[in-house]
Amino acid sequence: MANSQSATSSPPAQSWQADRYARHAHFVPALGQPVLDLLEPRAGERILDLGCGDGVLTEKIAAAGAAVVGVDAAADMIAAAQKRGLDARVVDGARLGFKGEFDAVFSNAALHWMKDDPDAVIAGVARALKPGGRFAGEMGGHGCVAAITVALIAVLERHGAGGESAVPWYFPTADDYRARLARGGFSVEYIELIPRPTPLPTDMAGWLDTFAEPFLRRLPAEERANARDEVVAMLRPVLCDEAGRWTGDYIRLRFLARLAR
Ligand code: BEZ
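A short tour of the structure in this document, coming up. Bear in mind the structure is a predicted one, so any value in this text is a computation, not a measurement.

### Focus: empty space enclosed by the protein
Step number 1: Enumeration over the complete set of coordinates arrives at four cavities of 30 Å³ or more.
Step number 2: Roughly 150 Å³ of internal volume is contained in the largest cavity.
Step number 3: Lining the largest cavity are 15 residues, and of these A109, H112, W113, F211 and Y250 lie nearest its centre.
Step number 4: At the level of secondary structure, the elements contributing two or more residues to the lining of the largest cavity comprise helix 9 (204–211) and strand 7 (247–259).

Okay, here's the thing in structure tokens:
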């Protein structure tokens, strides 16, 4: 969630509300166990959770005995993480200021929001790590939420509000991200694109309200609800089953990299 968008040329930024996130998106940290397993947090380690959101996974890392710092660009999510008693700070993911103090950096479901300059994010992670430190992460990968994205672009175009430039996410291929990590000084031990159709806890309207604000905010306020309903109608034949259960067409990119120096 550490979203670095601020320039006027960027899509409108996503706003984060901890209560809405908990209602419509609690599956995001709940499905974070595989990347936690990749991190293997150990007692006594110092770990940075980049894009920690409301701190659900940060808390699990702390429970392993590590000293964790959580950072996120969204003040409302950081407030929720602080309520859990965590050391959580509002920080822009593309401007990490830590210097050689962490054994590992962890990130779940946040790096795809840092679209403007992924290399600056990786450089900040490298700076934050001790020599030989590890970077364990999971983000949306190439093709993630493809049907949802196409429907959003189509509806925006129908409303004369542009389309593709509204996409706020960076969903790299494994080759792209491996090359960026290598250029950033990392040796990549594992990287894989993993299709993960994801049952939604509520419905597509809830998902769009939670995650698709950068698209819908391109429209005048009075058009947004209709536009959202058009997206829902477009997606129903492919992402909703006969019982009314919605599935998100998620693809994850999971990786473990080690700072080479
Ligand atoms: C994801 O976690 O992959 C994701 C989250 C929000 C929008 C798109 C993808």
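### Examining the site of the ligand
Step number 1: Looking at the ligand, the residues that line it are A109, H112, W113, G140, C144, V145, W169, F171, W207, F211, Y250 and R252.
Step number 2: Here an oxygen atom of the ligand sits 2.3 Å away from a polar atom, N or O, in the side chain of R252.
Step number 3: Coverage of the ligand by the protein amounts to 99% of the 260 Å² it exposes when considered alone.
Step number 4: When contributions to the shell around the ligand are tallied by element, the ones reaching two or more residues are helix 9 and strand 7.
Step number 5: Along the lines of polarity and charge, the residues of the shell around the ligand split into nine nonpolar, two polar and one charged.

### Quick word on the pattern of salt bridges
Step number 1: For the structure shown, the criterion picks out 20 salt bridges.
Step number 2: Measuring nitrogen to oxygen at the nearest pair gives 3.7 Å for the salt bridge that ties R228 to D229.
Step number 3: Exposure remark for D229: the relative accessible area of 41% places this residue in the partly exposed category.
Step number 4: What you see here is one network of salt bridges that share partners, running through E138, R196, R252 and R254.

### Things to note about the nonpolar core
Step number 1: One finds I148, M204, W207, L208, F211 and F215 to be the most contacted residues of the largest nonpolar core, which totals 43 residues.
Step number 2: Counting residues per element, the ones that place at least two in this core are helix 1 (18–24), helix 2 (27–30), helix 5 (75–83), helix 7 (146–158), helix 9, helix 10 (213–216), helix 11 (221–239) and strand 7.
Step number 3: Among the elements that take part in this core, helix 7 stands out by supplying six residues, more than any other.
Step number 4: Apart from residues lying up to four places away in sequence, L208 is in contact with I148, L152, E213, R228, V231 and V232.

### What about the layout of surface pockets?
Step number 1: Empty space within the largest pocket amounts to approximately 170 Å³.
Step number 2: Every residue along the wall of the largest pocket is listed here: K115, H142, G143, C144, V145, A146, T149, V150, V167, W169 and F171.
Step number 3: Of the residues contributing to the lining of the largest pocket, the split by class is seven nonpolar, three polar and one charged.

About the thresholds
- Residues numbered from 1 in each chain as written.
- Predicted model: local features only at pLDDT ≥ 70, side-chain atom pairs only at ≥ 80, totals over all residues.
- Heavy atoms only, no water.
- 1 Å grid on protein atoms, 1.4 Å probe; cavity = no way out; pocket = protein on both sides within 12 Å on 5 of 7 lines; lining within 4 Å.
- Points joined across faces, edges and corners; volume = space filled by probe spheres on them.
- Helix = DSSP H or I, 4+ residues; strand = E, 2+ residues; numbered from the N terminus.
- Near = heavy atom within 4 Å.
- Polar contact = N/O pair within 3.5 Å; in protein donor to acceptor, adjacent residues only side chain to side chain.
- Areas by Shrake-Rupley, 256 points an atom, 1.4 Å probe, with all protein chains shown as cover.
- Nonpolar A, V, L, I, M, F, W, Y, C, P; charged D, E, K, R; others polar.
- Salt bridge = Lys/Arg side-chain N within 4 Å of Asp/Glu carboxyl O.
- Buried < 20%, exposed > 50% of the residue type's maximum accessible area, 1.4 Å probe, protein only.
- Core = buried A, V, L, I, M, F, W, Y, C linked by side-chain atoms within 4.5 Å.
- Contact = heavy atoms within 4.5 Å.

That is the geometry; function is a separate question.
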